[in-house]
Amino acid sequence: MTEQVQAARTDLGLPLFNTTGGAAHDFIQKLRKQGLLSAKNTPPAPTEMIWKTEWRLLYLPSHRIVRQLSWSPVIDTVPITSNEQTHHAFLITVRDPAIPTFRVTVGKDMPNANLFRHRRGLYFLRLEDSLYIGKSDEFHVRFSGHQQKKPLWWVFIALEAHDTMFTLDAISAAESLLISFWNETTVIKNGNRGSDQRPAFLFLQQAVLFSMAASAAFLWLLRTQVFDYTEWTIPFKSWRGAGWPQCYIDEQ
């Protein structure tokens, strides 16, 4: 179990515990005392049985892979017309041949309908104290319903190709994975984790790739683009680990 603790720290960008000390073991004992792991003198295992059956947790992308894919992707800037200057758009291709190119649009004002017409994708809203994650095939319409949340800025991520194979089942599953993935490190506003229904395996594969690539593109934006937006950060959960949360964002 101590090896799993060290691997988790590597995934999150935290420095490893000293192998000559007992920090990893102590961490496990704290989880036992909090009732999150099985009792002392038993093999450490999560006490929440949902981990064995919850598809949204079993198929989450790896934080380590997401962070690696966010490093040095191929970026092309998409020109935005003068009446849309508060928006920024990029074509992002991560360095994995299994993942297609994505169009990523960033803004803080009401989205222009022409930017998203016929595009099906996932979005992040930066709220005052949390993130909200959703899906839409009419983001400019969906955003209107979110204005009461007073988002500071938004990011919309869609396939660049108008690929009809990216079905509603796949995008619903991707939304669920994305909520669960970012909930591990970030304060999430969503009241639920999206679809309860596990999709067919073909659509689940698409969803895993989309959620992984969308997270990598989002992380790249946080690291490298400084927009004139309020709070160009995300609300990571508090932790006393050395360097957290900047270690998660930084390249290694």
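Details of the structure are given in the entry above.
Here is a short report on the structure shown in this document. (Residues numbered from 1 in each chain as written. Predicted model: local features only at pLDDT ≥ 70, side-chain atom pairs only at ≥ 80, totals over all residues. Heavy atoms only, no water.)

1. Thoughts on the pattern of salt bridges
- Across all of its chains, the model carries five salt bridges by this definition.
- In this structure, the salt-bridge partner of lysine 135 is glutamate 175, at a minimum N-O distance of 3.3 Å. Of this pair, lysine 135 sits in strand β5 (residues 131-136) while glutamate 175 sits in helix α7 (residues 168-183); the two residues are 40 residues apart in sequence, bridging distant segments of the chain.
- What makes glutamate 175 buried here is its relative accessible area of 10%.
- Through salt bridges with shared partners, a single network forms among Arg103, Arg119 and Glu160. (Salt bridge = Lys/Arg side-chain N within 4 Å of Asp/Glu carboxyl O. Helix = DSSP H or I, 4+ residues; strand = E, 2+ residues; numbered from the N terminus. Buried < 20%, exposed > 50% of the residue type's maximum accessible area, 1.4 Å probe, protein only.)

2. Digging into helix α8 (residues 201-224)
- If you check α8, its first and last C-alpha atoms are 34 Å apart, about what 24 residues at 1.5 Å a residue would give, namely 34 Å.
- Across the 24 residues that make up α8, a large majority, 18, are buried. (Expected span 1.5 Å × (residues − 1).)

3. Details of the packing of α7 against α8
- The geometry of α7 relative to α8 is characterised by a closest axis approach of 8 Å and an angle of 50° between their N-to-C directions. Classified by the angle between their axes, α7 and α8 sit oblique to one another. As α7 runs across α8, the sense of the crossing is right-handed. Across from Asp169, Ala170, Ala173, Ala174, Leu177, Leu178, Phe181 and Trp182 in α7, the residues of α8 making contact are Phe203, Gln206, Ala207, Val208, Phe210, Ser211, Ala214, Ser215, Phe218 and Leu219.
- Residue classes in the contact of α7 with α8 are distributed as 14 nonpolar, three polar and one charged. (Axes fitted to C-alpha atoms, helices over the stretch in contact; angles between N-to-C directions. Parallel < 35°, antiparallel > 145°, perpendicular 65-115°, else oblique. Left-handed = near helix turned anticlockwise from the far one by under 90°. Contact = heavy atoms within 4.5 Å. Nonpolar A, V, L, I, M, F, W, Y, C, P; charged D, E, K, R; others polar.)

4. Remarks on the nonpolar core
- If you look at the biggest cluster of nonpolar residues, it comprises 55 residues, and the most contacted ones within it are Phe124, Val155, Ile157, Trp182, Phe210, Phe218 and Leu221.
- It is α8 that provides the largest number of residues to this core, a total of 14 residues.
- Other than its neighbours up to four places away in sequence, tryptophan 182 contacts Phe124, Ile133, Ile188, Ser215, Phe218, Leu219, Ile234 and Tyr248.
- Ranked by size, the runner-up nonpolar core spans eleven residues in total, among them Leu115, Phe116, Tyr123 and Leu127. (Core = buried A, V, L, I, M, F, W, Y, C linked by side-chain atoms within 4.5 Å.)

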